[in-house]
Protein chains: 2
Amino acid sequence: MPATIHDVAKLAGVGIGTVSSVLNNSRPVNETTRQKVLAAVAELDFVPNPSGRRLSMGKTHTIAVIITYFTTASQFERLRGVMSVIAESDYDISLFAIETIPQRQRVFQTVPRRGRVDGLLIFSLNPTKDDLRRIRQENIPAVLVEGYHPELPHIFLDDVAAARNAVQYLIDLGHQKIAYISDYLDDLFSSGFNRNRYMGYRQALEAAGLRVRPEYHRQGWQSRENGRQMALDLLNLPDPPTAIFAFSDELALGVLEAARDLELKVPDDLSVVGYDDIELAHFAQLTTVRQNLFESGVQGVELLLDTIENPHASPTQLQLPTKLVIRKTTTVPKDKAVSGQSVNSDHSGLDKKTSL
Amino acid sequence: MPATIHDVAKLAGVGIGTVSSVLNNSRPVNETTRQKVLAAVAELDFVPNPSGRRLSMGKTHTIAVIITYFTTASQFERLRGVMSVIAESDYDISLFAIETIPQRQRVFQTVPRRGRVDGLLIFSLNPTKDDLRRIRQENIPAVLVEGYHPELPHIFLDDVAAARNAVQYLIDLGHQKIAYISDYLDDLFSSGFNRNRYMGYRQALEAAGLRVRPEYHRQGWQSRENGRQMALDLLNLPDPPTAIFAFSDELALGVLEAARDLELKVPDDLSVVGYDDIELAHFAQLTTVRQNLFESGVQGVELLLDTIENPHASPTQLQLPTKLVIRKTTTVPKDKAVSGQSVNSDHSGLDKKTSL
DNA sequence: CTGTTAGCGCATTCAA
DNA sequence: TTGAATGCGCTAACAG
């Protein structure tokens, strides 16, 4: 069994209070005794037992990261952002992935507890009334990343504008038949951002006097494979779209696969726009709405850490910028194309960016 | 402040021992009092404080997952495997990402402690002598995933054979100028598997009577961008390779980007083989060595959970199978190609697999 | 400046 | 079958 603070105290010939003081700099200690203690600590290779200190201090030094869509690359990039700042702090990360409704319930019932974690970082999920009640009752700091709640600090995007802007870009290119594929518009996992992106999509169409066709909107669980299926369905329609706007890059990659399956050339036969700008969007040369995922993770923990330190500040809301990154999956539709000319004909390899 | 076991006991009109017994089924309790306790638990929405529990039981119900190369998709797929089994257990996951030597030291110095975690799951890292000493001294269960140590349970691949097989395939296609790009052959982060893959590469060349050219081996930190750089260097050689075998898919994707930069056609101008078969290898139609990453995570935790339950079993070693998955980034080299014929000319979309 | 003690919340042993 | 007492390892308040 590992050494305890008592072993150290005995070996150093001091009391346990002194050892604790040395370890935590909690009160001045005579330099000589200090050295004796340090020597004993080194000798015994002593590291304080976290359970003991947690119990005593009423602080866990642990942050729960609650993640839905744990299968997607975008969540991983956020998590990487989180880990990069956590590595330099003295907090631990406890990871909770939720994929199903029962899991969601179990996690929200047991995790947001004082004595269990010091704070909650919640990705892409809006808390329900019950969730919020528990969070407030336990008085536990919580930050939403890609989520929204008036009473909780959160990091969000202007999804309506970003989506509208992206679809507007397609319209400007000359597209009139633009489809939208997305996650389910209303389920327990939606953070509402899905709905917002859909709204932006509609707004752009309506502003251009284009009809919103219900058959051009497909919904399904987030995965590349589902993106492929939904795109296949759309492209097999009697009057298929010439452009597809996807709720996420994950789905957009599926669209690209579907185009390949059907031997359609992208962008000439089909334009595709994604959302997120995951690392692989660059590889796939996907035109997409960039949100800085890594950064959202970084800002999220930092905000949470602040909130833990300073619990009584009013909830901060942080809006992250988005950018339409134009790469090589979008161009003018075939019937509008002037022969021999293509909007995306350059091969500079440089991303062209349009500020939102 | 949340309710404690004392609050429950008082409300139910019983002793705390009884409450504990009900909660843990640790001794028979009269059905009537049992119901009273349960009612009080529900009323107060009581959940035991884990720190108290841990301290008392000397068990943390927490597993540390130590991950290097946390930036890569392959590690994420492993982690997903881990989370899928953890969700059904009553263990928590504590995540430690290590990217630098100091981080590595700090993590291995503080994390493998009884009272801190119940077990260690280590990804793609071989423990040093010091690491092992601490692990044994603390008597803490540890499992290596994509790692090797004679005294520790581990999950590994036959990397030598898998790499040899992959390079052999390139040779069979007619390639003679085959390069290898990899992680640094010897740094503290290498799990030795890198060296093994290099060995397989050499063996295949030597068996075919091909010269091993030092300038055809490049080393660099794992990232797509580095893969691109290394490939660029290789392809700008006076006598460039006609095929590149990459230590990982991450690097291989960088090679594909480099080819695009140079306007080389893959596979006609350059064949590329990766290693791992991450999800995006499918999207990129990359020929690669498949190791089932998700599965390795699953097997890893399961093995660890077993070891925690049953600490005195002798260390299990599990070899996972690999498969060369042939997609569309490999073909016969240009000078050998019979005009109009291409080995990979079919477009069935089905992966052709070769068992190792 | 430092040793001693109380108590954090729980499981468990010892009595009853 | 159950209540009370003990201790897990630590921090912090208290007393010197």
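This text gives an overview of the structure that appears in the document. These figures come from a predicted structure and were not determined experimentally.

1. Description of the relation of the copies chain B and chain A
Consideration 1: Overlay of chain B on chain A (RMSD 0.2 Å): rotation 180 degrees, translation along the axis 0.1 Å. One copy is carried onto the other by what is essentially a two-fold rotation axis. The rotation axis passes nearest to the C-alpha of S94(B) in chain B, at a distance of 2.3 Å.
Consideration 2: When the interface residues of chain B are mapped onto chain A, 100% of them are again interface residues, pointing to one common binding face.

2. Examining the protein's contact with DNA strand C
Consideration 1: Within the structure, DNA strand C sits among 29 residues, and G15(A), G17(A), N30(A), N49(B) and G52(B) are positioned closest to it.
Consideration 2: Elements that contribute at least two residues to the surface near DNA strand C include exactly α2 (16-24) and α4 (50-57) of chain A together with α2 (16-24) and α4 (50-57) of chain B.
Consideration 3: Counting residues per element, the surface near DNA strand C draws most heavily on α2(B), at six residues.
Consideration 4: Its residues placed into classes, the surface near DNA strand C shows eleven nonpolar, 16 polar and two charged.

3. Topic: the pairing of strand β6 (residues 178-182) of chain A
Residues and elements named next belong to chain A.
Consideration 1: Most of β6 sits out of view: five of its five residues are buried.
Consideration 2: Across the two faces of β6 the burial is the same, with I178, Y180 and S182 and A179 and I181 all buried.
Consideration 3: Summarising the sheet, β6 and strand β8 (residues 243-246) pair through four bridges and their orientation is parallel. Across the sheet, residue Y180 finds its bridge partner in β8, namely F245.

4. Focus on the interface of chain B and chain A
The extent of an interface is frequently quoted as the accessible surface area lost upon association of the parts.
Consideration 1: Chain B puts 34 residues into the contact, and the matching count from chain A is 34 residues.
Consideration 2: Broken down by secondary-structure element, the contributors of at least two residues to the side of chain B that touches chain A are α4, α5 (73-86), β2 (92-98), α6 (101-110), α11 (249-261) and α12 (279-283) of chain B.
Consideration 3: Relative to β2(B), strand β2 (residues 92-98) of chain A runs antiparallel, the two being bridged by three bridges. Its bridge partner being in β2(B), I93(A) is matched across the sheet by L95(B).

5. A short note on the protein's contact with DNA strand D
Consideration 1: Residues in close proximity to DNA strand D total 29 residues, the closest being I5(A), G52(A), G15(B), G17(B) and N30(B).
Consideration 2: Counting only elements with at least two residues in the surface near DNA strand D, the list comes to α2 and α4 of chain A together with α2 and α4 of chain B.
Consideration 3: Among the residues forming the surface near DNA strand D, the class breakdown is twelve nonpolar, 15 polar and two charged.

6. Here we look at the sheet that holds strand β5 (residues 154-157) of chain B
Consideration 1: One open sheet accounts for twelve strands, arranged β11(A)-β5(A)-β4(A)-β3(A)-β1(A)-β2(A)-β2(B)-β1(B)-β3(B)-β4(B)-β5(B)-β11(B); its pairing is mixed. Each edge of the sheet is formed by a strand with only one pairing partner; in this case those strands are β11 (317-320) of chain A together with β11 (317-320) of chain B. On average, adjacent strands in this sheet sit at an angle of 25 degrees to one another, irrespective of strand direction.
Consideration 2: Pairing between strand β1 (residues 62-68) of chain A and β2(A): seven bridges, direction parallel. The partner of I66(A) across the bridge, within β2(A), is F96(A).
Consideration 3: In the packing of helix α13 (residues 293-309) of chain B onto the sheet, the strands contacted are β1 (62-68), β3 (119-123), β4 (142-145), β5 and β11 of chain B, and the crossing angle to β4(B) comes to about 165 degrees.

7. Points about the nonpolar core
Consideration 1: By size, the foremost hydrophobic cluster in this structure holds 170 residues, and its most contacted members are L121(A) and L121(B).
Consideration 2: Among all residues touching L121(A), those that are not within four sequence positions of it are I63(A), A64(A), V65(A), I66(A), V82(A), V143(A), V145(A), G300(A), V301(A) and L304(A).

8. Observations regarding the packing of helix α8 (residues 159-173) of chain B against helix α9 (residues 193-207) of chain B
Residue and element names in this part refer to chain B.
Consideration 1: With their axes 7 Å apart at the nearest point, α8 and α9 run at an angle of 40 degrees to one another. One element, α8, and the other, α9, form an angle in the oblique class. The two elements α8 and α9 cross, and the hand of that crossing is right-handed. Along its contact with α8, which presents D159, V160, A161, A162, A163, R164, V167, Q168 and I171, the element α9 presents F193, N196, R197, M199, G200, Y201, Q203, A204 and L205.
Consideration 2: In the contact of α8 with α9, the residues fall into eleven nonpolar, four polar and three charged.

9. Some points on the packing of α2(B) against helix α3 (residues 31-44) of chain B
Residue and element names in this part refer to chain B.
Consideration 1: Contact geometry of α2 with α3 gives a least axis separation of 10 Å together with a crossing angle of 90 degrees. Between α2 and α3, the crossing angle belongs to the class labelled roughly perpendicular. Contacts between α2 and α3 involve T18, V19 and V22 from the former and T33, R34, V37 and L38 from the latter.
Consideration 2: The class makeup of the residues in the contact of α2 with α3 is four nonpolar, two polar and one charged.

10. Quick notes on the environment of D90(B)
Residues and elements named next belong to chain B.
Consideration 1: Examined against the element boundaries, D90 turns out to sit in the loop between α5 and β2.
Consideration 2: Note on D90: 7 C-beta atoms within 10 Å, which makes it exposed.
Consideration 3: Along the sequence, D90 and H61 sit 29 residues apart, while their C-alpha atoms lie 7.1 Å from each other.

11. Considerations on α8(B)
All names here are of chain B.
Consideration 1: Across its 15 residues, α8 extends 21 Å between first and last C-alpha, which sits within 8% of the 21 Å expected from 1.5 Å per residue.
Consideration 2: For α8, the complete set of buried residues consists of D159, A162, A163, R164, A166, V167, Y169 and L170.
Consideration 3: Backbone geometry just after α8 places G174 at a positive phi near 115 degrees.

Cut-offs applied
- Residues numbered from 1 in each chain as written.
- Chains lettered and ligands numbered in written order.
- Predicted model: local features only at pLDDT ≥ 70, side-chain atom pairs only at ≥ 80, totals over all residues.
- Least-squares fit on C-alpha atoms with pLDDT ≥ 70 in both.
- Contact = placed C-beta atoms within 7 Å.
- Near = placed C-beta within 6 Å.
- Helix = DSSP H or I, 4+ residues; strand = E, 2+ residues; numbered from the N terminus.
- Nonpolar A, V, L, I, M, F, W, Y, C, P; charged D, E, K, R; others polar.
- Buried ≥ 20, exposed ≤ 12 C-beta atoms within 10 Å, placed from the backbone.
- Pairing = 2+ DSSP bridges.
- Axes fitted to C-alpha atoms, helices over the stretch in contact; angles between N-to-C directions.
- Core = buried A, V, L, I, M, F, W, Y, C linked by C-beta atoms within 7 Å.
- Parallel < 35°, antiparallel > 145°, perpendicular 65-115°, else oblique.
- Left-handed = near helix turned anticlockwise from the far one by under 90°.
- Expected span 1.5 Å × (residues − 1).

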